[in-house]
Amino acid sequence: MANIQIVVDASVPDYLMLMKQIHTGASVAVVGQIKESPGKGQRVEIHAETLKVLGTADPATYPLQKKGHSFEFLREKAHLRPRTNTFGAIARVRNALCAAIHDFFQAREFLYVQTPIITTSDCEGAGQVFQVTTLDLARLQQSKAALDYSHDFFGKKAGLTVSGQLEGEIFATAVGDVYTFGPTFRAENSNTTRHLAEFWMVEPEMPFYELDDNMDLAESFVRTIVKDVLNTCEADLAFFNERIEPELLKSLANIVEHDFIRLTYTEAVSILEKSGHSFEFPIAWGSDLQSEHERYLTEQHFRQPVILTDYPRAIKSFYMRSNEDGKTVRAMDVLVPRIGEIIGGSQREERHAVLIDRMRDCNLNPDDYWWYLELRQYGTVPHSGFGLGLERTVQLVTGMTNIRDCIPFPRTPKSADF
RNA sequence: UCCCCGAUAGCUCAAUAGGUAGAGCGAGCGGCUGUUAACCGCUAGGUCCUAGGUUCGAGCCCUAGUCGGGGAGCCA
């Protein structure tokens with residue numbers, strides 16, 4: 001329940017005293033009757049018979065007012081902002097999204113697999129890792145000896161996971177379709193409206209899936225969870241449409257009702273070159289698309305979600321399957337208006353020898369990936385997967401512009417309070 | 001990490017050309033009221049982010065720093 005109005009008649013016991021104690025932020029216990037409300041925007045209200053103040057909130061010091069606050073201010077009050085209507089609505093939408101995500105995969109008999117949060121794996125690769133240690137850093141700072149991780153808690157260097165993909169592949173090549181859904185950590189010094197140091201990621205991994213199957217699943221996934229939330233959070237989405245983003249419902253309907261546009265990186269480059277649009281960064285085959293290019297495609301050219309595939313091999317990860325052209329890999333990114341990349345995925349390289357070659361090309365040591373390579377050495381199978389950022393999806397569905405407002409307790413560079 | 005912008009009352013902001021600060025909202029008091037981001041009147045409320053510097057004099061100019069915001073990169 002988002003809120004309800006209590007009507008207190010002056011005949012309620014201790015009326016005057018109670019009214020002096022009740023201000024914005026106070027908590028009360030009410031006994032009364034639910035009645036049809038003559039007011040606008042609500043069906044019912046409670047007519048109080050007795051009223052008790054459980055906790056007062058001194059209006060001289062209580063930080064929240066009845067009127068709107070800036071999101072910047074509210075971020076400094078992360079312990080109180082869930083009490084505001086906007087953050088209550090975000091919490092409900094986030095909850096509904098999580099339920100929809102599990103529903104989607106459970107309905108398709110995907111196994112929910114918990115991959116580790118602490119990892120000693122050297123093959124993380126996806127970004128800067130937060131180190132996990134019990135070593136006494138203050139003491140070590142004074143000694144000049146090189147760090148010896150054999151004395152550390154795990155006996156080797158450990159960190160927080162940047163992705164559950166590689167472990168997901170272990171289960172996908174064993175038990176069938178799986179997904180992971182949990183916190184992910186990136187120690188990147190990213191200061192943007194769509195990056196967090198701690199965020200939640202959904203990562204399905206499917207044996208026998210090739211890139212087209214992967215895209216079909218990703219598209220169906222996004223459209224289904226958006227549709228679910230449209231159904232379960234109707235009132236909250238109407239609120240966001242009214243207060244936050246006037247085009248919200250229209251853009252969500254657009255996602256649910258239309259097929260995503262699919263095109264290759266090479267086709268995208270061609271469209272951008274022919275667009276006549278002047279970009280800050282030049283377009284050239286081989287270099288990664290800039291934000292402005294992705295935004296042009298999804299917000300101006302197609303005005304719809306777009307799935308880009310088959311990126312140049314040189315700009316993508318070692319584990320993505322090489323195409324026969326020798327230049328591109330079976331990668332896919334799902335781009336949506338307002339947010340940009342919401343999903344990144346690929347068909348994985350399942351050929352043992354090719355994978356080793358790719359590692360060497362990327363200056364990686366195959367020995368560090370021994371168990372990942374064994375998945376190819378023994379009973380290898382074509383497989384694919386992708387990762388969806390939960391907070392970016394909350395941004396998409398709520399229209400909130402800053403990702404720091406889409407997670408209860410945001411962690412960003414220089415900021416980890418509460 | 002790079003580029004740009006900002007920091008003044010509890011909040012959101014203003015302050016002419018450098019002459020030591022104002023408004024709206026909120027709060028307190030009073031009035032009014034089927035209201036829901038109500039309305040009317042009065043009152044209180046400020047270490048102008050920090051540290052230096054220039055100047056007779058700095059909220060305003062200069063230097064350094066801290067924090068916040070936007071954009072870029074990294075990506076989800």
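As a reminder, the structure under discussion sits directly above these lines.
The sections below set out a description of the structure shown in this document.

Parameters at a glance
- Residues numbered from 1 in each chain as written.
- Chains lettered and ligands numbered in written order.
- Predicted model: local features only at pLDDT ≥ 70, side-chain atom pairs only at ≥ 80, totals over all residues.
- Heavy atoms only, no water.
- Core = buried A, V, L, I, M, F, W, Y, C linked by side-chain atoms within 4.5 Å.
- Buried < 20%, exposed > 50% of the residue type's maximum accessible area, 1.4 Å probe, protein only.
- Helix = DSSP H or I, 4+ residues; strand = E, 2+ residues; numbered from the N terminus.
- Contact = heavy atoms within 4.5 Å.
- Pairing = 2+ DSSP bridges.
- Near = heavy atom within 4 Å.
- Polar contact = N/O pair within 3.5 Å; in protein donor to acceptor, adjacent residues only side chain to side chain.
- Nonpolar A, V, L, I, M, F, W, Y, C, P; charged D, E, K, R; others polar.

1. Description of the nonpolar core
Counting residues in hydrophobic clusters, the biggest one holds 54 residues, and the most contacted among them are F105, F221, F240 and I343. At 10 residues, helix α3 (residues 85–107) tops the list of elements feeding residues into this core. Sequence-distant contacts of F105, defined by excluding residues within four places in its chain, comprise F110, Y179, V202, P204, L217 and F221. Judged by nonpolar contacts, the second largest core, of 29 residues, contains Y265, A268, I271 and L272.

2. Quick notes on the sheet that holds strand β2 (residues 27–36)
Whenever strands of a sheet pair, they do so through backbone hydrogen bonds, lying parallel or antiparallel. Spatial strand order, β1-β3-β2: 3 strands in an open sheet with mixed pairing. The open sheet has two edge strands, β1 (6–7) and β2, and neither has a second partner.

3. What about the protein's contact with RNA strand B?
If you check the shell around RNA strand B, you find 45 residues, and the closest are Q5, E45, T192, H195 and R392. Backbone atoms, meaning sugar plus phosphate, form 53% of the atoms of RNA strand B positioned within 4 Å of the protein. R75 is positioned such that a nitrogen or oxygen atom in its side chain is 2.7 Å from a phosphate oxygen of RNA strand B. L196 is positioned such that a nitrogen or oxygen atom in its backbone is 2.9 Å from a base nitrogen of RNA strand B. Secondary structure elements with two or more residues in the surface near RNA strand B: β3 (44–55), α2 (71–75), β9 (198–207), α10 (291–301), β13 (340–347) and β14 (383–389). Looking at the surface near RNA strand B, the element that brings in the most residues is β13, giving 4 residues. Tallied by class, the residues present in the surface near RNA strand B amount to 9 nonpolar, 21 polar and 15 charged.

4. Some words on the environment of G164
Its location among the elements puts G164 in the loop between β7 (158–160) and α5 (165–175). Accessibility expressed as a relative area gives 7% for G164, which makes it buried. Separated by 158 residues in the primary sequence, G164 and S322 have C-alpha atoms spaced 22 Å apart. Residue contacts for G164: discarding those within four places in its chain leaves T115, T180 and E203.

5. Focus on the environment of Q42
Counting through the fold element by element, Q42 comes out in the loop between β2 and β3. Along the primary structure Q42 and N3 are separated by 39 residues, whereas in three dimensions their C-alpha atoms are 9.6 Å apart. Apart from the residues lying within four places of it in its own chain, the contact partners of Q42 are Q5 and S37. Of note is the side chain of Q42, whose polar atom sits 2.9 Å from the side chain of S37.

6. Considering the side chain of T412
Structurally, T412 is set in the segment after α13 (390–398). We classify T412 as buried; its relative accessible area is 15%. For T412, the residues in contact, after removing those within four places along its chain, are H195, L196, A197 and R404.

7. Concerning α5
All of the buried residues along α5 are Q165, L166, E167, G168, E169 and A172. Of the surrounding secondary structure, the elements contacted by the buried residues of α5 are β5 (118–119), β8 (178–185), β9, α12 (370–377) and β14. Of the residues trailing α5, G176 is marked for its positive phi of about 110°.

8. A short note on unusual backbone geometry
Its identity as a non-glycine residue notwithstanding, D14 has a phi of 60°, on the positive side. Structurally, D14 can be placed in the loop between β1 and α1 (15–21). Given the relative accessible area of 53%, D14 is considered exposed.

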